[in-house]
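# Topology and contacts: notes
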Amino acid sequence: MNSIYSGEYRKKPHLPAVCAYYDRADMGATTPHEIYHLHSVSEFMYVYEGEAEVLIRPAVSVSLRRGKYIWLDAFVAHKLVIKKDRLCSMMNVEFDLLAQGTAPVPGLDSLCRESGALRDMLDHPAPYLALHDEGNAVSRLLKQIISQQSDNVRAMQA
């Protein structure tokens, strides 16, 4: 199922769960040259400082700069290009949607019922969306989700 556009996600509550995450200040020096790859889950790449390029197969290039981010649907072949001599500070979050019987927050199903814009987006599948984060709201939200999930994991391990 994994594509966020799957109608199954709108039939019963599904909540995002972080599968992988990193937040690095010097991507050019710490990230090896990437090859085209894909994930079975969705991915956000968010640039705080500097620049990066995301190449999406077959022939799309998306330039990311401060406050810009890209969301990739599951199974979209891509690679991240960062020039070694350029500054790039970014956050990367990979997430899946997991079925939740009852939860204290709304699932994708109820968000779709409440938001015509979200419903419209999900009715028109796209392999990626390149967006600008006015006021850093998306950055703060992603960090809050990651922090909350980390707290939940620590609580479960205690």
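Everything here concerns the structure above.
I will try to describe carefully the structure that is included in this document.

Cut-offs and rules
- Residues numbered from 1 in each chain as written.
- Predicted model: local features only at pLDDT ≥ 70, side-chain atom pairs only at ≥ 80, totals over all residues.
- Heavy atoms only, no water.
- Helix = DSSP H or I, 4+ residues; strand = E, 2+ residues; numbered from the N terminus.
- Buried < 20%, exposed > 50% of the residue type's maximum accessible area, 1.4 Å probe, protein only.
- Contact = heavy atoms within 4.5 Å.
- Areas by Shrake-Rupley, 256 points an atom, 1.4 Å probe, with all protein chains shown as cover.
- Phe/Tyr/Trp six-rings, centres within 6.5 Å; stacked < 30°, edge-to-face > 60°.
- Salt bridge = Lys/Arg side-chain N within 4 Å of Asp/Glu carboxyl O.
- Polar contact = N/O pair within 3.5 Å; in protein donor to acceptor, adjacent residues only side chain to side chain.

The next point concerns the overall build of the protein chain. For the protein chain, the helix and strand inventory stands at 4 helices and 7 strands. Taken across its 158 residues, the protein chain has 39% of its residues classed as buried. Considering only contacts in the protein chain between residues 6 or more positions apart, those separated by 24 or more positions represent 77%. In the form shown here, the protein chain has an accessible surface area of approximately 9,100 Å², with 56% of it arising from carbon and sulfur atoms.

Turning to the packing of aromatic side chains, a few remarks are in order. The final tally for this structure, using the stated rule, is 5 aromatic pairs. Both rings, one in F44 and one in F95, keep their centres 5.7 Å apart while their planes meet at 20°; by these two values the pair is stacked. Taken together, the residues span a long stretch of sequence, with F44 in strand β2 (residues 42–56) and F95 in strand β6 (residues 88–99) at a distance of 51 residues. In this structure F95 comes out as buried when scored by relative accessible area, which is 11%. Residues Y46 and Y69 carry aromatic rings whose centres are separated by 5.9 Å and whose planes lie at 20° to one another, so their mutual orientation is stacked. One end of the pair, Y46, is in strand β2; the other, Y69, is in strand β4 (residues 68–72), and 23 residues separate them in sequence. We note that Y46, like Y69, is buried.

Under the criterion given, the structure shown has 4 salt bridges. Residues R10 and D123 are paired through a salt bridge, measuring 3.0 Å at the closest nitrogen-oxygen approach. Of this pair, R10 sits in the segment before β1 (14–24) while D123 sits in helix α3 (residues 116–123), placing them 113 residues apart in sequence. Under the relative-accessibility criterion, R10 is labelled partly exposed at 23%. We classify D123 as partly exposed; its relative accessible area is 46%. Between K143 and D23 there is a salt bridge whose closest N-O contact spans 3.7 Å. Pair noted here: K143 is in helix α4 (residues 137–157) and D23 is in strand β1, with a separation of 120 residues, a long-range link.

Bringing the side chain of S3 into the picture now. For S3, the position within the fold is in the segment before β1. In this structure the side chain of S3 is engaged in a polar contact, spanning 2.6 Å, whose partner is the side chain of D73.

On to the side chain of H78, then. Mapped onto the elements of the fold, H78 is located in strand β5 (residues 78–81). At 2.8 Å, the side chain of H78 forms a polar contact with the side chain of E43. Not counting residues within four places of it along the chain, the set of residues in contact with H78 comprises I35, Y36, H37, L38, H39, E43, M45, V54, L55, I56 and L72.

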